[in-house]
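A look at the structure
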Amino acid sequence: MSTKRITILSALLILAGNNLSAQDNTVQDKTNNTEYNPEIGYFQKAYTDLGDPEFMYGNEKFTMGLGGTVRASAFFDLHGSPDGSAAKFSASKLSVPTDNANKFGMSASSSELHLKARSHIGKHTIIAFIKALGNDNDDVKLNQAYVSIDGLTIGKVYSFFMDLEAGAKTVDLLGPNTQIANTQPLIGYTLPLGKHWTFGVSAEKPEVKAEERPEWGVELDNQSMPDFALKAKYKWNTGSIQVSGLVRNMSFWKHERGTVLANEGETRHTLGWGAALSGTFRPTKSIQISFQDYYGKGISRYINDISSLQLDMGATSFNASTGLCEEMEPIPIHGGYIACSCKWTKSLSSNFLWGYLNVKHPDGMNISDNLKLSTYGAANLFYTVNKYCSIGLEYTGGIRKNYKEADEDDTGEGNRINTTFIFQF
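In this text the structure is predicted, and so the values were computed from the model without any measurement.

**A short note on the pairing of strand 21 (residues 411-424)**
Two faces belong to every sheet, and in a regular strand the side chains alternate between them. Direction of pairing for strand 2 (residues 62-77) relative to strand 21: antiparallel, over a ladder of nine bridges. Residue pairing for strand 21: F76 is matched across the bridge by I417. Note: strand 20 (residues 389-402) against strand 21, 13 bridges, orientation antiparallel. The residue of strand 21 that forms the bridge with Y395 is I417.

Structure below.
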């Protein structure tokens, strides 16, 4: 055999060997426990290595893969709709009073592309993950970027105040309105103890969402401490339960109206905190119940539907003689949801969800957003074409109720039909 033929044959054997190695390292853990959720997909879960993209290649020491989700959605508002043209059904943005205009829209937002790499160094595993996500404005933004070394996670990732496994699958692009759900820069550590318990603690970016009132002598100041979150989870064969907490030191600048110099005012602090109970339970192999309930003060930026609203705290103690407010206080919030997922056949499944949110305005608080209560409900049907494709149909409804002023209407509602086509790789 000629030298040229031997060289070609050797090259082909090397390529074949690399390909077999890549296939051996591909993980396709699509069990009921880690079923892909378009909003909180197991590909995007952090803290532990729960799954890989479909295309994951490498060797025993290093693997890397590219994955993503394309979501093409269409919706029609039957009676009442959120303000603006957003494709995400936000109960907090429903028109008050209810508008009767029918509205049709289409969107590819929530489509995403992610890259994952994993390396083994001795007994340690290093995971790097980065995800870009589309939004309603057709912009692409960095949604996650983190490095995980065993139990240590550093970067932009889901808050430790959140329960990653207690989510609910929706066609609506926003997902469960009243769920604790956000991504932000943090440093966190999780510690598994035995077969059932997992504990975690994190220091997270201290961004405050609040309505500033410089004309009344109060406005946001630099935040001097991170938010601290902790969680404890107990898991068994048919479910899990998690208790989580959050502590925040929120800073604001108190000054005489119109002054800007540091020596003409003072930095003050107010305490924000939150507590949450969440979990899952599978009474049968085809049914799963998930829930979450929480209460806190100054936690609005951690809640899915109102994270962009200025409801962490508000100006209080207005003094009519000076025209100034004396303090900024955290706003109490209570909310939660319950959801049921049913798998009718190998390809057909449904999800049912109801959630609520109650925003309480302390006496004497001066804020523009008069949101008092919102509810959110969804019922859907998903059909899985194959492991890459699925289609969904959903009814989504919600109500927004305001603190009533004089004879103004205080309630608005929305009703939407959602459809989606999802291609996942």
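Resuming the write-up.
**Some details on the pattern of salt bridges**
Where side chains of opposite charge bring their charged atoms close, a pairing between them can arise. Summed over the entire model, instances satisfying the criterion amount to 15 salt bridges. Notably, a salt bridge pairs D227 with R301, separated by 3.7 Å at the nearest N-O pair. Taken together, the positions of D227 in strand 11 (residues 227-236) and R301 in the loop between strand 14 (287-297) and strand 15 (313-319) put the pair 74 residues apart, joining distant regions of the chain. Just as D227 is buried, R301 falls in that class too. Look at the salt bridges and you will find they share partners, linking E207, K209, D227, R248, R301 and D312 into a network.

**So, the nonpolar core**
F161, I180, Y294, I303, I306 and I333 are the most contacted members of the largest nonpolar core, which has 28 residues in total. With 10 residues, the next largest nonpolar core counts F89, A91, Y337 and L353 among its residues.

**Considering the packing of aromatic side chains**
The full count for this structure, using the stated rule, is 11 aromatic pairs. With a centroid separation of 5.5 Å and 25 degrees between ring planes, the pair formed by F129 and Y146 is classed as stacked. Note that F129 is positioned in strand 5 (residues 124-134) and Y146 in strand 6 (residues 140-149), a separation of 17 residues in sequence. Given a relative accessible area of 3%, F129 falls into the buried group. Three or more aromatic residues link up through ring pairs in this structure, and these residues are W197, F199, Y234 and W236.

Rules behind the numbers
- Residues numbered from 1 in each chain as written.
- Predicted model: local features only at pLDDT ≥ 70, side-chain atom pairs only at ≥ 80, totals over all residues.
- Heavy atoms only, no water.
- Pairing = 2+ DSSP bridges.
- Helix = DSSP H or I, 4+ residues; strand = E, 2+ residues; numbered from the N terminus.
- Salt bridge = Lys/Arg side-chain N within 4 Å of Asp/Glu carboxyl O.
- Buried < 20%, exposed > 50% of the residue type's maximum accessible area, 1.4 Å probe, protein only.
- Core = buried A, V, L, I, M, F, W, Y, C linked by side-chain atoms within 4.5 Å.
- Phe/Tyr/Trp six-rings, centres within 6.5 Å; stacked < 30°, edge-to-face > 60°.

Just distances and angles here, no functional claims.
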